[in-house]
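Architecture and fold: a report
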Amino acid sequence: RLLLENAQQLVLVCGRGERYLRRDGAAAIAVLRGASLVVGLDGCIKAVGQADVIRNQFSGATFERIIDCSGKCVLPGLVDAHTHPVWAGDRVHEFAMKLAGASYMEIHQAGGGIHFTVEHTRKATEEELFGTFKHRLDRMLRAGSTLVECKSGYGLNLETELKMLRVIERAKKSMDIGISSTYCGAHSVPKGKTATEATDDIINNHLPKLKELRLSGEIDVNNIDVFCEKGVFDLESTRRILQAGKDIGLQINFHGDELHPMKSAELGAELGARAISHLEEVSDEGITAMARAKCAAVLLPTTAYMLRLKQPQARKMLEEGVIVALGSDFNPNAYCFSMPMVMHLACVNMKMSMNEALAAATINAAYALGKSDTHGSLEVGKQGDLVVINSSRWEHLIYQFGGHEALINYVIVKGKVVYQNERCEMSSY
């Protein structure tokens, strides 16, 4: 079906069926030179290897499309492990408030932040939400993301949370980009309710309804998320919601230890969480527990950058053997679609190496979503999701801050070219 021929560099990321890479594995990311790759009609990778070997192996085959990758680099499609992309009403006015010195919690307590977005999202129709969501996913795809985690969480009542999850489900069925969907009804405590009342409502009403819709095949939700934070959901409420979600078959993947140390990491490790996001305030014990439990840390360099928080301790986590993944945290508070920019920030602000950042935005981000057996590396049998960049070294994808728009030449999902960038035909960068 598709042949990518003679790439200057073909970045496998890993090549021995690893489900994730810890620090040592990331240090030795596998790169083939003068290599080709074949994707079959089923959308899966059939062969990866030296160009002449592949040419001989497939000498009798016909291809729907052959792309000459001479002087270019082929990488796995990027995986964005944390986004909030379904909402109405931007918060550009709050960006001005933050620049003037207001903190996240000050804005939140004044009825801004999540509550402002909730108000607008409740009023928006499903069609309106789907239109803007589709446009955002397209922009993510053009920046190289082929698998994205998408959360609900701007409804805070059953009706709007389900509206958001239906919108995500429609995109799953109608768009090329891969989606892992997350129910995040515990994103904030709704106005007029206490955290305990909100917790009871989620456990007694939201989750049973979700279970019913999953069984009937109407909505396929993958993960459960809670914002475990001082003044939002405390440790006990978080435990109750996550356990109830796990009981109906959802993977635990939640916000923890962002603004205050909450012992979220310890809780996640104990509950068998697949991933925990943020972790700016994680404890040393939490880091150790996550490493032991193989619970991925989804770090969000955009958030620390935008809110001027202290950076997550990526180096300490890597050195202790935590599986480190990255996400854009795209939301009205951190308006960034681009995983290449996220990787750049991770390298500069969190002191990750380019290899570690690439592993974190591919195989490890796929692991954080429970998808690393099918996504996140260029291995035979995996889904043919790839990015071709117009450069002789793959590192340009990270090195060029904000340069991805003229650098990404092709984005391919399941062996189908879903984005071709005409700007790349001029010259190599």
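What you are looking at is a predicted structure, and each value in this text was computed from that prediction instead of being measured. Within each chain, residues carry numbers counting from 1 in the order of the written sequence. It should be noted that, the model being predicted, local features are given only for residues of pLDDT at least 70 and side-chain atom pairs only at 80 or more, the latter also being counted only at that level, while totals for whole chains, interfaces and linings use all residues. Just so you know, side-chain values use all the structure's heavy atoms and leave hydrogens and water out.

1. Some details on the pairing of strand β3 (residues 45-50)
- Relative to β3, strand β2 (residues 30-39) runs antiparallel, the two sharing five bridges. Of the residues in β3, the one forming a bridge with Ala35 is Gln50.
- Linking β2 back to β3 in an antiparallel pair, the connection comprises five residues, with Gly43 at a positive phi of about 85°. Two strands pair under a simple rule: DSSP has to find at least two bridges between them. Strands are runs of DSSP state E lasting at least 2 residues, helices are runs of H or I lasting at least 4, and numbering of each runs from the N terminus.

2. Topic: the pairing of strand β10 (residues 251-256)
- Counting buried positions along β10 gives five out of six residues, so the element sits mostly inside the fold.
- In this sheet, β10 lies alongside strand β9 (residues 223-226) in parallel orientation, the contact comprising two bridges. When the bridges of β10 are listed, Ile224 appears paired with Ile252.
- Every crossover in which the path from the first strand over the helix to the second runs clockwise, viewed with the strands pointing away from the viewer, is termed right-handed. Between β9 and its parallel partner β10, the chain crosses via helix α9 (residues 235-247), and the hand of that crossover is right-handed.
- In this sheet, strand β11 (residues 275-278) lies alongside β10 in parallel orientation, the contact comprising four bridges. Counted as the bridge partner of Gly256 is His278 from β11.
- Once the chain exits β10 it traverses helix α10 (residues 264-271) before rejoining the sheet at β11, and the crossover so formed is right-handed. Burial here depends on accessible area, computed with a 1.4 Å probe over protein chains only, as a share of the maximum for the residue type. Under 20% is buried, over 50% is exposed, and the range in between is partly exposed.

3. Quick word on the UniProt feature "domain: Amidohydrolase-related" (unreviewed entry) in the chain
- UniProt positions are given in the numbering used here, feature names are shortened, and annotations may be inferred rather than shown by experiment. Following the UniProt record, one finds the feature "domain: Amidohydrolase-related" (unreviewed entry) at residues 74-418.
- Taken end to end, residues 74-418 has its terminal C-alpha atoms 15 Å apart, with 45% of it in helix and 16% in strand.

4. A short note on unusual backbone geometry
- A positive phi angle, near 65°, is found at Leu279, a position not held by glycine.
- Summarising the element assignment, Leu279 is placed in the loop between β11 and α11 (284-293).
- Accessibility expressed as a relative area gives 0% for Leu279, which makes it buried.
- With a phi angle near 55°, Lys294 is a residue other than glycine that sits in the positive phi range.

5. Overview of the domain arrangement of the chain
- Annotation comment: domain bounds sourced from an automatic or database domain assignment. In terms of domain boundaries, the chain breaks down into domain 1 (2-19 + 27-77 + 378-420) and domain 2 (79-369).
- For domain 1 and domain 2, the distance between their C-alpha centres works out to 30 Å.
- By definition in these notes, contact holds between two residues if any of their heavy atoms fall within 4.5 Å. Between domain 1 and domain 2, the contact holds 29 residues from the first and 23 residues from the second.
- Both faces combined, the contact of domain 1 with domain 2 buries some 2300 Å², and carbon together with sulfur accounts for 72% of it.
- Of all residues in domain 1, the largest losses of buried area upon contact with domain 2 belong to Arg19, Ile398 and Phe401, amounting jointly to 28% of the total for that side.
- In the sections that follow, a salt bridge refers to a side-chain nitrogen of Lys or Arg positioned within 4 Å of a carboxyl oxygen of Asp or Glu. At the junction of domain 1 and domain 2, the tally comes to one salt bridge.
- Notably, a salt bridge pairs Lys416 with Asp176, separated by 2.9 Å at the nearest N-O pair.
- Counting residues per element, the ones that place at least two in the side of domain 1 that touches domain 2 are β1 (2-13), β5 (73-76), α17 (396-399), β15 (408-413) and β16 (416-420). Accessible surface is computed with a 1.4 Å probe, and the buried area is the amount of it that two parts give up when combined, taken over both parts together.

6. Concerning the sheet that holds strand β12 (residues 296-299)
- Read from one edge of the open sheet, eight strands run β6-β7-β8-β9-β10-β11-β12-β13, paired in parallel fashion. At either margin of the open sheet sits one strand with a lone partner, and together these are β6 (78-80) and β13 (324-326). Looking at each pair of strands side by side, their axes are set apart by 25° on average, direction ignored.
- The convention used is that axes are lines fitted to C-alpha atoms, helices contributing only their stretch in contact, and that angles between N-to-C directions extend from 0 to 180 degrees. Packed on one face of the sheet, helix α8 (residues 195-215) meets β8 (178-186) and β9 and runs near 155° to β8.
- In the packing of helix α14 (residues 339-349) onto the sheet, the strands contacted are β6, β7 (145-151) and β13, and the crossing angle to β6 comes to about 80°.

7. Looking at empty space enclosed by the protein
- The rule is simple: put a 1 Å grid over the protein atoms alone, call a set of points where a 1.4 Å probe fits but cannot get out a cavity, call an open set with protein on both sides within 12 Å along at least five of seven lines a pocket, and count a residue as lining if it has an atom within 4 Å of a point. Grid points are joined across faces, edges and corners, and a volume is the space filled by probe spheres set on the points. Summed over all chains, the structure comprises three cavities of 30 Å³ or more.
- One number sums up the size of the largest cavity: a volume of about 130 Å³.
- Along its surface, the largest cavity is lined by 15 residues, and His84, Tyr104, His187, Asp329 and Asn331 are the ones closest to its centre.

8. Some words on the environment of Glu169
- Within the element layout of this structure, Glu169 appears in helix α7 (residues 158-174).
- In this structure Glu169 comes out as buried when scored by relative accessible area, which is 8%.
- As for Glu169 and Val226, which are separated by 57 residues in sequence, their C-alpha atoms are 20 Å apart.
- With near-sequence residues (within four places) excluded, Glu169 lies in contact with Glu218, Ile219 and Asp220.
- A polar contact is formed between the side chain of Glu169 and the backbone nitrogen of Asp220, at a distance of 2.9 Å. Any pair of nitrogen or oxygen atoms within 3.5 Å is treated as a polar contact; in protein, a donor-acceptor pairing is required on top of that, and neighbouring residues in sequence qualify only through side-chain atoms on both sides.

9. Here we look at the packing of aromatic side chains
- Each Phe, Tyr or Trp ring (for Trp, its six-membered ring) is paired with any other whose centre lies within 6.5 Å, and the angle between the two planes then decides the class: stacked below 30 degrees, edge-to-face above 60, tilted in between. As enumerated under the stated definition, the model contains seven aromatic pairs in all.
- Ring centres 6.2 Å apart and planes at 50° place the aromatic pair Phe58 and Phe63 in the tilted group.
- Seen from their ring centres, Phe330 and Phe337 are 4.6 Å apart, and the 20° between their planes marks the pair as stacked. With respect to burial, Phe330 and Phe337 carry one shared label: buried.
- Through a chain of ring-to-ring contacts, the aromatic side chains of Trp87, Phe330, Tyr335 and Phe337 assemble into a single cluster.
- The cationic tip of Arg274 hangs over the ring face of Tyr367; the distance from NZ or CZ to the ring centre is 4.4 Å. In this scheme, the term charge over a ring applies when either NZ of a lysine or CZ of an arginine sits within 6 Å of the ring centre and within 35 degrees of the ring normal.

10. Examining the packing of α7 against α8
- Following both chains from N to C, one finds α7 and α8 inclined at 35°, their axes separated by 10 Å at the closest point. Taken as a pair, α7 and α8 cross one another with a handedness that is right-handed. For the pair α7 and α8, the contacting residues are Leu158, Glu161, Leu162 and Leu165 in the first and Asn205, His206, Lys209, Leu210 and Leu213 in the second. We call a crossing left-handed when the near helix sits turned anticlockwise from the far one by less than a right angle, and right-handed when that turn is clockwise.

11. Some thoughts on the layout of surface pockets
- Space inside the largest pocket adds up to approximately 370 Å³.
- Lining the largest pocket are 18 residues, with Arg139, Phe337, Ser338, Met341 and His404 sitting closest to its centre.
- At the level of secondary structure, the elements contributing two or more residues to the lining of the largest pocket comprise α6 (126-142), α12 (301-307), α14 and α18 (404-407).
- Per element, the largest residue contribution to the lining of the largest pocket is three residues, and it comes from α12.
- In this classification, the charged set is Asp, Glu, Lys and Arg, the nonpolar set is Ala, Val, Leu, Ile, Met, Phe, Trp, Tyr, Cys and Pro, and all remaining amino acids, among them Gly, are polar. Partitioned by chemical class, the residues of the lining of the largest pocket number 11 nonpolar, three polar and four charged.
- Empty space within the second largest pocket amounts to approximately 300 Å³.
- Around the second largest pocket sit 14 residues that line it, and Asp176, Ile177, Gly178, Gln383 and Lys414 are the ones nearest its centre.
- Looking at the lining of the second largest pocket residue by residue, the classes come out as five nonpolar, three polar and six charged.

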